Each structure stands twice: as structure tokens, then as C-alpha cells.
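Notes for the structure review
Residue-level listing of the chains:
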Amino acid sequence: VAASGADVFTCGLNNYGQLGLGDQANRSELEVVPGLSGLGITQIAGGQHHSMALAVTTAAAGPGAQGRVFTWGRSDYGQLGVGNKAELTPGSFINVPVEAVLPEDAQAEHMSCGENHNLVLTTKQAVYSWGFGEMGALGHGQEDRDELTPRKIDIAKAAKACKVEGQVSVLQIAGGGQHSMILAKVTH
């Protein structure tokens, strides 16, 4: 839950700008990420060399802030979700928070970072993934490719392939090293 006036604090390794402070200097003490102040951040997550934050509407953030996802850090596998091919060169990064490119009708409710990929669960029970696609970690079937922007996972197709019958409701998402997990309830 976002607290009024809450800020995101960060410290540690910053070789790819994963601290979001606008530089690459490591920090041994916590510092506020200025690009996230006043956005009503409710969740934060960290991957290997990238970070993510979820913003919801607050009076300070103004209208349109509901369910926005911000990313920063290493971007060479598309893990920031901004769709910029220029960011795919080895070692590329963005050292300040930028907004991931979710579809206009998608409002993020929960999020998770894997090592080099991300997952978002929306208010409409849709799951999006993006970033490093090797080993099928993004959940899009037989494809082994990176996704530069959030791409919707076909939950119904996955359920059918697993011979699951009934309505599937996603409860939780999690990203790991090169894998993803979805906790879902099946109603018959």
C-alpha cells in the first residue's frame, strides 16, 4: 500500500543504473529515487541489473497514474519494456525510471522481476511478460525470443494445453532466473 508522501529508497551495485539515480555510482547508503517521488508507488521489485516499480493513482500523482509500471537499469534483453531497439546493444541501460509500454487498456495490479525479464498482472486478470526470452521464460509457447514490450500471455491456450477445464483466474505471478510462475484458481 502506498503511503502519502512515500518514496523509493535504493542502494548497492549500480553498474547498469539499476538504482535509478541518474548515474552509475554504487551507493553504500540508501538514497531516494527522485523520478518516482509523488507517483504513489505501491510495489517495487529488482532483477539482476534492472528494477521495477508500480504506481497507482494518488492525489499527488494526478489522473491517469493508475496501474503504471516504471523500469530502469540494464536493457539489452528488452527487460525495460520500452520497445526501443537502440537499447538492445550489449550492456545498454537507462539509469532513470521510464514507463514500460503496456497497452492503453491494461492497468497493472501486481508485478514481478525475473533475473532479466518481467511479469505484470492487470486488473482484468491478464498477464504480460517481456525481456529475456530464452528457455521459454516468457510463457509464449515454443518461441525463444526476447520481447521488447509487454506481450500478453495466452492463459486460456496454456490451460487447454495442460488439459485444464474451467475458468482460470490468476492470483499471483513470479519471475525467477530463467523461469516464470503463475498461481491460478480453476473454477468448474
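A brief report on the enclosed structure follows. Predicted model, so just to flag it, every value in this text is computed and none were measured.

1. Regarding the overall build of the chain
- A count of helical and extended segments in the chain gives 1 helix and 12 strands.
- Reading the chain from its N terminus to its C terminus gives the helix and strand order β-β-β-β-β-β-β-β-β-β-α-β-β.
- For the chain, the spread of C-alpha atoms along the principal axes amounts to about 50 × 40 × 25 Å.
- Counting only residues that meet the buried cut, the chain has 42% of its 188 residues in that class.
- Considering only contacts in the chain between residues 6 or more positions apart, those separated by 24 or more positions represent 44%.
- Surface accessibility of the chain: about 9600 Å² in total, with carbon and sulfur atoms responsible for 52%.
- Side chains of the chain give 12 positive and 18 negative charges; the mean places of these two sets differ by 10 Å.

2. Re the sheet that holds strand S9 (residues 127-131)
- Pairing within the open sheet is antiparallel, and its 4 strands lie in the order S7-S8-S9-S10. Every interior strand has two partners, whereas the edge strands, strand S7 (108-113) and strand S10 (147-152), have only one. Within this sheet the neighbouring strands show an average axis-to-axis angle of 15°, counted without direction.
- As paired elements, S7 and strand S8 (residues 117-122) share 5 bridges and run antiparallel to each other. What sits directly across from Cys113, in S8, is Asn118.

3. Details of the nonpolar core
- In this structure, Met52, Val69, Leu102, Ala108, Val120 and Trp130 are the most contacted members of the largest nonpolar core, which totals 13 residues.
- Within the residue set of this core, elements represented by two or more residues are strand S4 (50-55), S7 and S9.
- No other element matches S7, which puts 3 residues into this core.
- The next biggest cluster of nonpolar side chains, apart from the first, holds 11 residues, and it includes Val8, Ala53, Phe70 and Trp72.

4. Comments concerning the sheet that holds strand S3 (residues 41-46)
- Spatially, the 4 strands line up as an open sheet ordered S3-S4-S5-S6, and their pairing is antiparallel. The open sheet has two edge strands, S3 and strand S6 (93-99), and neither has a second partner. For this sheet, the mean angle separating the axes of adjacent strands, direction not counted, is 10°.
- Where S3 meets S4, 5 bridges bridge the pair, whose relative direction is antiparallel. Among the inter-strand pairings, Ala45 is bridged to a residue of S4, identified as Met52.

5. With respect to the pattern of salt bridges
- Taken as a whole, this structure holds 6 salt bridges when the rule is applied.
- Measuring nitrogen to oxygen at the nearest pair gives 2.8 Å for the salt bridge that ties Asp23 to Arg27.
- In this structure Arg27 comes out as buried when scored by relative accessible area, which is 15%.
- Here Glu147 and Arg145 are joined by a salt bridge, their closest N and O atoms 3.0 Å apart.
- Assessed through its relative accessible area of 10%, Glu147 is described here as buried.
- Through salt bridges with shared partners, one network takes in Asp23, Arg27 and Glu31.

What counts and what doesn't
- Residues numbered from 1 in each chain as written.
- Predicted model: local features only at pLDDT ≥ 70, side-chain atom pairs only at ≥ 80, totals over all residues.
- Heavy atoms only, no water.
- Helix = DSSP H or I, 4+ residues; strand = E, 2+ residues; numbered from the N terminus.
- Buried < 20%, exposed > 50% of the residue type's maximum accessible area, 1.4 Å probe, protein only.
- Contact = heavy atoms within 4.5 Å.
- Areas by Shrake-Rupley, 256 points an atom, 1.4 Å probe, with all protein chains shown as cover.
- Lys, Arg positive; Asp, Glu negative; His and termini not counted.
- Charge placed at Lys NZ, Arg CZ, Asp CG, Glu CD.
- Pairing = 2+ DSSP bridges.
- Axes fitted to C-alpha atoms, helices over the stretch in contact; angles between N-to-C directions.
- Core = buried A, V, L, I, M, F, W, Y, C linked by side-chain atoms within 4.5 Å.
- Salt bridge = Lys/Arg side-chain N within 4 Å of Asp/Glu carboxyl O.

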